[in-house]
Amino acid sequence: NLNTHVSKMISTTTCSVPTIQHIIQNANCTDVEELEKLKDNLSAVYNNLNNNDLESIPENITKNKEQIDKAKEVFRQNYLADGIRRENDAEHMWHFALTAMTLYPYAKKKVDLDRVIKMAILHDIIEVYSGDTYAYDEEAKKSQHAREMEACEKIFGLLPGDQGEEMKALFLEFEAMETDDALFAAACDRFQPFMLNLSSGGKSWLEHEVYADQIIERMQPIRTEMPEVFEYIETNIAEAKAKGLLK
């Protein structure tokens, strides 16, 4: 369908209002008659883009990126490995992605690493609106889902249709923890702060008086998705408890 073809081309171009020449050059079409039809349909398509308003696409993308940048200002409860300061969401998402790449060989099931990395680098973007919820804060967790779903609609709604829907779908898949990709992603997401706590001398565990049993329960995705890694987790939890880092 020519209208659909042109709509997709317009919505993905970096130009605010692409020229006919730009569209024709990128149409991957050599049939003269088809190209003429394409030209004739441009006006109609421009007038029927509905939510994909040409003028608003660059503005919305810019606004989305400005909001995402605020992830650098959302600080989590766990500390960096050196214990000097708390980690922010942007650092966590980057570190989570690298953790997935490193732990990929230990995955028990076949997973799509590219999809897992995408989940990693967007899963906490919603916290620029919802705020961070500490994993062991039972009171805050009561409102977590509602806050994050509202934030999800807001942050991904700033992007053009297909792009926003893809990111939203990946976020919701990660949250549901039902697919193999999402379960492996969840395991990596939980391993990363565990490792930082070990490196910082259990600093956030001590501040929040966390129990070893709470850690074991939270590490269950690692048990099912990366059994070998879970053995490392169990050993280090026992050692941390013996040192008084965990109750």
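In what follows, the accompanying structure is described. (Residues numbered from 1 in each chain as written. Predicted model: local features only at pLDDT ≥ 70, side-chain atom pairs only at ≥ 80, totals over all residues. Heavy atoms only, no water.)

So, helix 6 (residues 113–122)
Taken together, the buried positions of helix 6 are Leu113, Val116, Ile117, Met119, Ala120 and Leu122. Contacts made by the buried residues of helix 6 are with helix 5 (89–103), helix 9 (144–156), helix 10 (161–176) and helix 11 (180–199). Regarding helix 6, its N-cap is Asp112, as a side-chain oxygen of that residue lies 3.1 Å from the backbone nitrogen of Asp114 further along. (Buried < 20%, exposed > 50% of the residue type's maximum accessible area, 1.4 Å probe, protein only. Helix = DSSP H or I, 4+ residues; strand = E, 2+ residues; numbered from the N terminus. Contact = heavy atoms within 4.5 Å. Polar contact = N/O pair within 3.5 Å; in protein donor to acceptor, adjacent residues only side chain to side chain.)

Some words on the packing of aromatic side chains
One pair of aromatic rings is described through two measures. These are the centre distance and the angle between the planes. Taken as a whole and assessed by the stated rule, the structure comprises five aromatic pairs. Arranged with centres 5.6 Å apart and planes meeting at 50°, the rings of Phe194 and Trp205 form a pair that is tilted. Of this pair, Phe194 sits in helix 11 while Trp205 sits in helix 12 (residues 203–208), placing them 11 residues apart in sequence. You can call Trp205 buried: its relative accessible area is 3%. Across from the ring centre of Tyr129, 4.3 Å away, lies the NZ or CZ of Lys154, which sits over that ring. (Phe/Tyr/Trp six-rings, centres within 6.5 Å; stacked < 30°, edge-to-face > 60°. Lys NZ or Arg CZ within 6 Å of the ring centre and 35° of its normal.)

Notes on the environment of Phe184
Topologically, Phe184 is positioned in helix 11. A relative accessible area of 1% means that Phe184 is categorised as buried. Every residue in contact with Phe184, bar those within four places of it in the chain, is listed here: Ala100, Leu103, Tyr104, Ala107, Val111, Val116, Glu225 and Met226.

All we've got here are geometric facts, nothing functional implied.
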